[in-house]
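Here are the chains, one letter per residue:
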Amino acid sequence: MTAFIILIVLLVLAVIFFITYPFIKVRIISENYSYFCNKKIKKIADKNNVNFLTDLKLENYNKEKLGIDSIIFGKKYIYIISNLYYDGEIKGDVKNNSWMFIKRGEKSAHYIDNLTDNLSEKTRGFCEKINANPELIVSIGLLNNECFFNIEEPNSANTFIVRYSSLKKLIRQLEERDIKSLDENLLETEYQKLKEEGANN
């Protein structure tokens, strides 16, 4: 009898766990998304033996925040990465200034800025800051896997919105492009300058 009661209790606890786990997982990810992104970026940079910076607080010449969370100094491109966490669905037209965001559990939509426009603006600001050719900069919006992203063809040659799980594949594909590698000395110089600025902010 005692064994039967214990078995029932364990089954009830298992059912409760499987019901609540998705909600617990979402909360853990939402509250620690930057940490998970930084961990992913470090792993990619270490594998490719390149420099990277995370938790950045960079400003343009007008002292405005650039909104760049991380940078990977790749062999073919410099990747500026912005962490994007949305618990719900994003939909709209890439040509529109605003998109619709429907939060999980809600029916009404909220309007958000076109994320690709935001990424392009960050590219322009970053290029002005380091005086770089925009063709050598790739701006990436790193979207959480749980978000339903319903935008057709949001990516361009140097601007991408990808899920967290797809970042490694995207960077590998871009680094395999048949273009000239970046100057290692210039990359190191920019890395040290931005690293110092990030430490001072």
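Treat the numbers as computed from the prediction; the structure is a model and nothing was measured.

Novice: When you look at the environment of Lys129 in this model, what are you seeing that I'm missing?
Specialist: Note on placement: Lys129 falls in helix 3 (residues 115–130). Classification of Lys129 as buried rests on a relative accessible area of 18%. Along the backbone, Lys129 and Leu58 are 71 residues apart, and their C-alpha atoms lie at a distance of 9.4 Å.

Novice: Please clarify how the packing of aromatic side chains should be interpreted in this entry.
Specialist: The way to describe two aromatic rings as a pair is by their centre distance and the angle between their planes. Per the counting criterion, the structure on display carries 7 aromatic pairs. With a centroid separation of 6.4 Å and an interplanar angle of 50 degrees, the aromatic rings of Tyr33 and Tyr164 are classed as tilted. You can see Tyr33 sitting in helix 2 (residues 33–48) and its partner Tyr164 sitting in the loop between strand 9 (159–163) and helix 4 (167–175), a full 131 residues away along the chain. In this arrangement the basic side chain of Lys40 is found over the ring face of Tyr164, its NZ or CZ atom lying 4.7 Å from the centre.

Novice: Help me out: how do you make sense of a positive patch on the surface in this one?
Specialist: Together, Lys39, Lys43, Lys47, Lys168, Lys169 and Arg172 line one region of the surface with positive charge. Sorting the residues of the positive patch by element identifies helix 2 and helix 4 as the ones contributing at least two each. Mapped onto the secondary structure, Arg172 falls in helix 4.

About the criteria used
Residues numbered from 1 in each chain as written. Predicted model: local features only at pLDDT ≥ 70, side-chain atom pairs only at ≥ 80, totals over all residues. Heavy atoms only, no water. Helix = DSSP H or I, 4+ residues; strand = E, 2+ residues; numbered from the N terminus. Buried < 20%, exposed > 50% of the residue type's maximum accessible area, 1.4 Å probe, protein only. Phe/Tyr/Trp six-rings, centres within 6.5 Å; stacked < 30°, edge-to-face > 60°. Lys NZ or Arg CZ within 6 Å of the ring centre and 35° of its normal. Patch = residues over 30% accessible without salt bridge, like charges linked within 9 Å, V, L, I, M, F, W, Y side chains within 5 Å. Areas by Shrake-Rupley, 256 points an atom, 1.4 Å probe, with all protein chains shown as cover. Salt bridge = Lys/Arg side-chain N within 4 Å of Asp/Glu carboxyl O. Lys, Arg positive; Asp, Glu negative; His and termini not counted. Charge placed at Lys NZ, Arg CZ, Asp CG, Glu CD.

Purely geometric numbers; function is a separate question.
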